[in-house]
Amino acid sequence: MIRLSIPLRQALARLSMPVLVAAAFGTMLLGKADTVLVERARMTLADALAPIYGVIAEPMGTVRDAVQELRFLAAMREENARLRAENERLHRWQAAALALETENALLRRQLRYVPEGAASFQTARVVADAGGTYARAVLLSIQPGQTPRKGQVALDERGLAGRVSEVGSRSARVLLVTDMNSRIPVVLEGSRSRALMVGTNGERPRLQHWPEGAPPQEGERVVTSAEANVFPAGLPVGMVRWTEGGVAEVELFARLDRLDLLRIFEFGLSGILPPEAVARPEPRARR
């Protein structure tokens, strides 16, 4: 080891920074002056280091793949545990459903229950928003061979949407459940209490006239009632939602703002039809 005197070390320490700065500027000037030489030197260095990079990258890629495989196995184990628990719950529900089905069949035989016939339906496309500021309705395109009639029930894939109010030769108008002229008898599925769902021209109809002492519960399912022979019993409508102002509303299952196809059901009912005085603004073609 070469021993240097203290003054020499101090001089070298003072000169190291200027030498490095000069070397950096020299490298920059060389790169600007002879780009071909710099590029050739850079590629020579890259060619020399490429095998080393390859040797290092291969085990790193193997380790990365192994880590990803371990994460995948851990996620698969969690998913399998969740599926096993869900499968066990489904088995329990299946056993309960089979027991209830057997009990229901026994009760029907004892009561000599006559089952209702299956409802027929036809599908129609929504072609225009036939509502306006004071009405909520949609216009359906009727294809040849389809014969809808007033009073038939319209449902989308999620729940009750409305009822046919007018029929033409090539179109039909459906009054939506949110229209202010809509009055639908419903049943609160949890308490079996009856109420009236009233349209407000807003997104959510309101509940009125439920039995005293049995108010609707938050989140309770709402289904149609067979009162007045207007709707069949049990059609899904929505869920009860209480506003901050203490008003019971129904969050509808049907997506009335995204209606594309509606199923028009024939249940053989002949109850009260919508009033003829419903506002009928000119329909707007859907974009």
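If you're wondering where the values come from, they're calculated on a predicted model, not measured in any experiment.

1. Considering the overall build of the chain
Working step 1: A tally of helices and strands in the chain yields two helices and 13 strands.
Working step 2: Buried positions account for 28% of the 287 residues belonging to the chain.
Working step 3: Of all intrachain contacts in the chain linking residues separated by at least 6 positions in sequence, the fraction that spans at least 24 positions is 57%.
Working step 4: Carbon and sulfur atoms make up 59% of the accessible area of the chain, which totals about 20000 Å².

2. Let's talk about a nonpolar patch on the surface
Working step 1: Together, Met17, Val21, Phe25 and Met28 make up a nonpolar patch on the protein surface, roughly 430 Å² of accessible area in all.
Working step 2: Note on placement: Phe25 falls in helix H1 (residues 6–33).

3. Describing the pairing of strand E12 (residues 261–266)
Working step 1: Inspection of the sheet shows strand E1 (residues 120–129) paired to E12 by six bridges, in the antiparallel sense. Looking at E12, one finds that Phe121 is bridged to Phe265.
Working step 2: Where strand E3 (residues 153–155) lies against E12, three bridges are found, and the strand directions are antiparallel. Counted as the bridge partner of Ala154 is Ile264 from E12.

4. A few points about the nonpolar core
Working step 1: Membership of the largest hydrophobic core comes to 36 residues, with the highest contact counts inside it found for Val138, Leu140, Val174, Met197, Leu207, Leu256 and Leu262.
Working step 2: With sequence-adjacent residues up to four places away left out, Leu256 is seen in contact with Ala161, Leu176, Val177 and Thr178.

5. A closer look at empty space enclosed by the protein
If a probe as big as a water molecule is rolled over the atoms, it shows which places are left empty.
Working step 1: What the rule picks out here adds up to two cavities of 30 Å³ or more.
Working step 2: Taken as a whole, the largest cavity encloses approximately 60 Å³ of empty space.

6. Considering the pattern of salt bridges
Working step 1: Counted by the stated rule, this structure contains ten salt bridges.
Working step 2: With its nearest N and O atoms 3.0 Å apart, the salt bridge here joins Asp260 to Arg125. Remark: Arg125 occurs in strand E1 and Asp260 occurs in the loop between strand E11 (248–252) and E12; sequence separation between them is 135 residues.
Working step 3: For Arg125, a relative accessible area of 43% gives the class partly exposed.
Working step 4: Arg204 is the salt-bridge partner of Glu251, the closest N and O atoms lying 3.9 Å from each other. Of this pair, Glu251 sits in strand E11 while Arg204 sits in the loop between strand E7 (193–198) and strand E8 (206–208), placing them 47 residues apart in sequence.
Working step 5: Residues joined in a network through salt bridges with shared partners are Arg204, Glu218, Arg241 and Glu251.

7. Looking at the side chain of Thr178
Working step 1: Relative to the elements of secondary structure, Thr178 occurs in the loop between strand E5 (171–176) and strand E6 (183–188).
Working step 2: With near-sequence residues (within four places) excluded, Thr178 lies in contact with Arg136, Gly199, Thr200, Asn201, Gly202, Glu203, Pro205, Leu252 and Leu256.

8. Description of the environment of Val237
Working step 1: Position of Val237 relative to the elements: it lies in strand E10 (residues 236–242).
Working step 2: Judged by its relative accessible area of 0%, Val237 falls in the buried class.
Working step 3: A sequence separation of 15 residues divides Val237 from Val222, and the C-alpha atoms of the two residues are 5.5 Å apart.
Working step 4: Once residues lying within four places of it in the same chain are set aside, the contact partners of Val237 are Leu160, Met197, Val222, Val223, Thr224, Val250, Glu251, Leu252 and Phe253.

9. Section: the packing of aromatic side chains
Working step 1: Counting across every chain of the model gives three aromatic pairs.
Working step 2: With 6.1 Å between their ring centres and 75 degrees between their planes, Trp210 and Trp242 make a pair best called edge-to-face. In this pair, Trp210 is assigned in the loop between E8 and strand E9 (221–224) and Trp242 in strand E10, connecting sequence segments 32 residues apart.
Working step 3: Taken together, a centroid distance of 5.5 Å and an interplanar angle of 15 degrees make the contact between Phe265 and Phe267 stacked.
Working step 4: Members of the aromatic cluster, connected to one another through ring pairs, are Phe121, Phe265 and Phe267.
Working step 5: Over the face of the ring belonging to Phe231 we find Arg163, whose NZ or CZ atom lies 5.5 Å from the ring centre.
Working step 6: Above the ring of Phe121, the side-chain terminus of Arg263 is found at 5.9 Å from the ring centroid.

10. Description of the environment of Met180
Working step 1: In this structure, Met180 sits in the loop between E5 and E6.
Working step 2: Expressed as a C-alpha distance, the spacing of Met180 and Ala135, which sit 45 residues apart in the sequence, is 7.0 Å.

So, how was this worked out
- Note that residues are indexed from 1 along each chain, following the sequence as it is written.
- Under the rules for a predicted model, residues below a pLDDT of 70 receive no local features and side-chain atom pairs below 80 are neither given nor counted, while totals for whole chains, interfaces and linings still include all residues.
- As a rule here, side-chain values come from all non-hydrogen atoms in the structure, and water together with hydrogens is ignored.
- By definition, any uninterrupted DSSP run of H or I lasting at least four residues is a helix, any uninterrupted run of E lasting at least two residues is a strand, and each is numbered from the N terminus.
- Each residue's exposure class comes from its accessible area (1.4 Å probe, protein chains only) as a fraction of the maximum for that residue type: buried when under 20%, exposed when over 50%, partly exposed otherwise.
- We call two residues in contact when some of their heavy atoms are within 4.5 Å.
- Per-residue accessibility takes into account occlusion by the displayed protein chains alone, with areas from the Shrake-Rupley method and a 1.4 Å probe.
- Each patch is built from residues lacking any salt bridge and having more than 30% relative accessible area; the joining distance is 9 Å for like charges and 5 Å for nonpolar side chains (Val, Leu, Ile, Met, Phe, Trp, Tyr).
- By definition, a salt bridge exists where a carboxyl oxygen of Asp or Glu is found within 4 Å of a side-chain nitrogen of Lys or Arg.
- Strand pairing requires that DSSP identify at least two bridges connecting the strands.
- Here, nonpolar core means buried Ala, Val, Leu, Ile, Met, Phe, Trp, Tyr and Cys residues that are tied together by side-chain atoms lying within 4.5 Å of each other.
- A cavity here means a set of 1 Å grid points, computed over protein atoms only, where a 1.4 Å probe fits but cannot escape. A pocket is an open set with protein on both sides within 12 Å along at least 5 of 7 lines, and lining residues have an atom within 4 Å of a point.
- Grid points are joined across faces, edges and corners, and a volume is the space filled by probe spheres set on the points.
- We call Phe, Tyr and Trp rings a pair once their centres come within 6.5 Å, taking the six-membered ring for Trp, and we label the pair stacked below 30 degrees between planes, edge-to-face above 60, and tilted otherwise.
- Here, over-ring charges are defined by two tests on the NZ atom of lysine or the CZ atom of arginine: distance to the ring centre within 6 Å, and angle to the ring normal within 35 degrees.

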